Amino acid sequence: VLMIETGDGTAEARPNDAALRRLEAEASELRAVLDTATDGVLLLDRAGRVLTANRSAQALFGYDAADFTELSIDDLFAPESRRTMIDYLDRVSGDRGMLPDAGREAIGRFKRGGLVPLYVTMGRIEGGDRYCALLRDLTAWKRTEEDLINARREAERASTAKSEFLAKISHEIRTPLNAIIGFSEIMQSGMFGPLGAEKYQEYCTDIHSSGKYLLDVINDILDMSKI
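Just so we're clear, the structure is a prediction, and the values are computed from it rather than from any experiment.

### Points about the nonpolar core
Looking at soluble globular proteins, one finds that nonpolar side chains tend to be buried together.
Then, in step 1: Leu42, Phe68, Leu76, Phe77, Val120 and Met122 are the most contacted members of the largest nonpolar core, which totals 25 residues.
Then, in step 2: Only β3 (40–45), β4 (50–53), α2 (55–61), α3 (73–76), α4 (79–93), β6 (115–124) and β7 (130–137) provide two or more residues apiece to this core.
Then, in step 3: Ranked by size, the runner-up nonpolar core spans seven residues in total, among them Leu166, Ile181, Leu215 and Ile218.

Here it is as C-alpha cells:
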C-alpha cells in the first residue's frame with residue numbers, strides 16, 4: 001500500500017501496482033473457475049436484475065454476456081415460475097438467509113423460445129446486497145424420471161396381465177377340469193349303476209388319468225408364474 005499525500009497535506013492509502021495486479025489475477029482466476037462450472041451462475045441485485053453471468057448460464061438461456069445486464073428474473077423464467085423466484089429472492093434477502101434445503105424447481109425460458117426445467121439455489125453474498133443464483137439443468141434428470149415412470153407403468157401392466165392369466169388358468173380351466181375328474185371317478189365307481197360296455201370303463205380310466213395329468217401341469221404352471 002502506498003501513502004499518497006493529497007493537496008490538503010493529508011495522506012491517503014492506495015494499493016500499489018503489485019496489489020492491483022494480484023487482485024486482478026485473483027478475479028481472473030475466479031472468473032475462469034465460474035466459466036468452467038457446469039451449472040449456470042448468475043449474480044443478481046436485490047431487484048432481481050442480472051449483473052453478471054458465467055458461460056454455462058449464457059449457454060443455458062442463449063444470451064451473450066453483454067445481454068444479461070439488461071435482463072432480470074422476469075426475462076429468464078416462465079410466467080408460472082416468476083412468482084416463485086421473486087419470493088425465493090425475498091426469502092434469501094431476509095435475516096434468515098438461505099437454508100440448506102432452500103432450492104426451488106423452476107422453468108427457465110430460452111432467448112428464442114422454448115422452456116427448460118431448472119433447479120435453482122440462491123444465496124446472499126456476504127458483505128453486500130448482491131445474490132448468487134446457481135442453475136442446474138434438469139432436462140436429463142426429468143427424462144430419466146419419465147423413463148422410470150413409464151417402466152413402472154409397463155411393469156404394472158405386465159403384473160396385471162400375469163394376474164389375469166393366473167386367474168383364467170385357476171378358475172376357467174382348473175375348475176371345470178376338477179369337475180371332469182370328479183365325474184370320471186363317479187362313473188368309475190359305478191355309484192349310479194354300471195356303465196355297461198367294458199370299453200366305457202377303459203374310457204373313464206383314460207379320462208381320469210388324463211385329467212389328473214393335465215391338472216398337475218396346470219398347477220406347475222401356476223407355481224412357476226408365482227415364482
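### A few points about helix α6 (residues 198–226)
Then, in step 1: With 29 residues, α6 ought to run about 42 Å at 1.5 Å a step, and its terminal C-alpha atoms sit 43 Å apart, in line with that.
Then, in step 2: Turning to α6, its buried residues are Cys204, His208, Gly211, Leu215, Ile218, Leu222 and Ser225.

### Concerning the sheet that holds β7
Then, in step 1: With antiparallel pairing, five strands are arranged side by side in an open sheet as β4-β3-β7-β6-β5. Because the sheet does not close on itself, it has two edges, and the strands there are β4 and β5 (104–109). The mean angle between the axes of side-by-side strands here comes to 35°, regardless of whether they run parallel or antiparallel.
Then, in step 2: On top of the sheet, α4 reaches β3, β5, β6 and β7; it is set at about 10° to β6, its chief contact.

### Points about the pattern of salt bridges
Then, in step 1: Taken as a whole, this structure holds 10 salt bridges when the rule is applied.
Then, in step 2: Between lysine 142 and glutamate 105 there is a salt bridge whose closest N-O contact spans 3.1 Å. Of this pair, lysine 142 sits in helix α5 (residues 139–189) while glutamate 105 sits in strand β5, placing them 37 residues apart in sequence.
Then, in step 3: Classification of lysine 142 by relative accessible area gives partly exposed; the value is 28%.
Then, in step 4: Here glutamate 202 ties to lysine 199 by a salt bridge, and the two come within 3.3 Å at their closest N and O atoms. Of this pair, glutamate 202 and lysine 199 both sit in helix α6, three residues apart, roughly one helical turn.
Then, in step 5: Looking at glutamate 202, the relative accessible area reads 37%, which means it is partly exposed.
Then, in step 6: Taken together, the shared-partner salt bridges in this structure form one network comprising Glu105, Lys142 and Glu145.

Calculation notes
- Residues numbered from 1 in each chain as written.
- Predicted model: local features only at pLDDT ≥ 70, side-chain atom pairs only at ≥ 80, totals over all residues.
- Heavy atoms only, no water.
- Core = buried A, V, L, I, M, F, W, Y, C linked by side-chain atoms within 4.5 Å.
- Buried < 20%, exposed > 50% of the residue type's maximum accessible area, 1.4 Å probe, protein only.
- Helix = DSSP H or I, 4+ residues; strand = E, 2+ residues; numbered from the N terminus.
- Expected span 1.5 Å × (residues − 1).
- Pairing = 2+ DSSP bridges.
- Axes fitted to C-alpha atoms, helices over the stretch in contact; angles between N-to-C directions.
- Contact = heavy atoms within 4.5 Å.
- Salt bridge = Lys/Arg side-chain N within 4 Å of Asp/Glu carboxyl O.

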